[in-house]
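Breakdown of the fold
In case you want the letters, here they are:
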Amino acid sequence: KAGVTQTPRYLIKTRGQQVTLSCSPISGHRSVSWYQQTPGQGLQFLFEYFSETQRNKGNFPGRFSGRQFSNSRSEMNVSTLELGDSALYLCASSLAGTGYQETQYFGPGTRLLVL
Amino acid sequence: AQKVTQAQTEISVVEKEDVTLDCVYETRDTTYYLFWYKQPPSGELVFLIRRNSFDEQNEISGRYSWNFQKSTSSFNFTITASQVVDSAVYFCALRGTQGGSEKLVFGKGTKLTVNP
């Protein structure tokens with residue numbers, strides 16, 4: 001079974017631009033979560049989607065948004081990019097998103113560099 | 001609030017040494033789950049283990065073992081006879097059960113370097 005895939009793997013943008021990252025969960029998984037990883041802040045939760053609905057959101061500004069499609073694929077968008085948005089963005093999927101015991105499986109991440 | 005502390009920022013050992021990575025957590029939940037992930041240089045987080053708060057049995061998987069002590073809120077990870085391939089950043093994470101959140105709270109990670 002294929003793992004979580006994320007595209008693109010690397011991205012370079014300039015300040016003020018916007019960017020869209022894509023995540024395809026493991027087949028059959030319906031919950032998708034996004035995390036931002038930076039050297040200073042570590043791994044921080046962005047948001048989680050289940051059945052096309054955002055269920056939870058972390059403490060990030062409104063410039064960060066996302067959505068989930070009917071096939072469980074998810075996208076996250078960052079508008080008006082800032083230098084501090086440079087990070088590794090990780091997507092994780094889990095089966096049904098209803099069990100706290102469920103394991104989240106992570107994709108390889110998208111490394112975003114904002115110049 | 002939930003919090004995970006990995007006090008060891010970096011550890012360096014020589015191959016075949018045993019090494020223990022510490023993890024201390026804080027939560028008010030009575031039911032919660034603890035995880036360990038490995039992040040090699042490629043960046044992908046690789047799941048290693050999941051443990052629920054009611055199961056304090058230690059677990060061993062090959063060269064890996066985990067010691068969960070609820071009394072000290074610790075969930076430590078030991079690698080026996082370390083190998084160069086074990087070099088990675090290791091993250092401990094916590095998920096509580098309040099509010100229906102899927103959110104994982106991560107520690108800052110411990111970078112392990114195993115030298116030949």
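Structural notes, computed from the coordinates. Please read these numbers as outputs of a predicted model, since none were measured by experiment. (Residues numbered from 1 in each chain as written. Chains lettered and ligands numbered in written order. Predicted model: local features only at pLDDT ≥ 70, side-chain atom pairs only at ≥ 80, totals over all residues. Heavy atoms only, no water.)

Here we come to the nonpolar core. Residues and elements named next belong to chain B. Residues Trp 36, Phe 77, Tyr 90 and Leu 112 are the most contacted members of the largest nonpolar core, which totals 24 residues. For this core, the secondary structure elements donating two or more residues are strand 2 (10-14), strand 3 (19-21), strand 5 (32-39), strand 8 (64-69), strand 9 (74-79), strand 10 (88-96) and strand 12 (110-115). Counting residues per element, this core draws most heavily on strand 10, which supplies four residues. Excluding residues within four positions of it along the chain, Phe 77 makes contact with Val 19, Thr 20, Leu 21, Trp 36, Leu 48, Tyr 64, Ser 65, Trp 66 and Tyr 90. (Core = buried A, V, L, I, M, F, W, Y, C linked by side-chain atoms within 4.5 Å. Buried < 20%, exposed > 50% of the residue type's maximum accessible area, 1.4 Å probe, protein only. Helix = DSSP H or I, 4+ residues; strand = E, 2+ residues; numbered from the N terminus. Contact = heavy atoms within 4.5 Å.)

This part is about the state of the cysteines. Applying the stated rule across the entire model yields two disulfides over all chains. The disulfide that involves Cys 23 of chain A links it to Cys 91 of chain A, with 1.7 Å between the sulfurs. Judged by the sign of its S-S torsion, about -55°, the cystine formed by Cys 23 of chain A and Cys 91 of chain A is left-handed. You can see Cys 23 of chain A sitting in strand 3 (residues 19-24) and its partner Cys 91 of chain A sitting in strand 9 (residues 87-94), a full 68 residues away along the chain. On the accessibility criterion, Cys 23 of chain A (0% relative accessible area) is buried. At a sulfur-sulfur separation of 2.0 Å, the disulfide partner of Cys 23 of chain B is Cys 92 of chain B. Its torsion about the S-S bond being -65°, the disulfide of Cys 23 of chain B and Cys 92 of chain B is classed as left-handed. Placement of Cys 23 of chain B in the loop between strand 3 and strand 4 (24-26) and of Cys 92 of chain B in strand 10 is noted, with a sequence separation of 69 residues between them. Given the relative accessible area of 0%, Cys 92 of chain B is considered buried. (Disulfide = S-S within 2.5 Å.)

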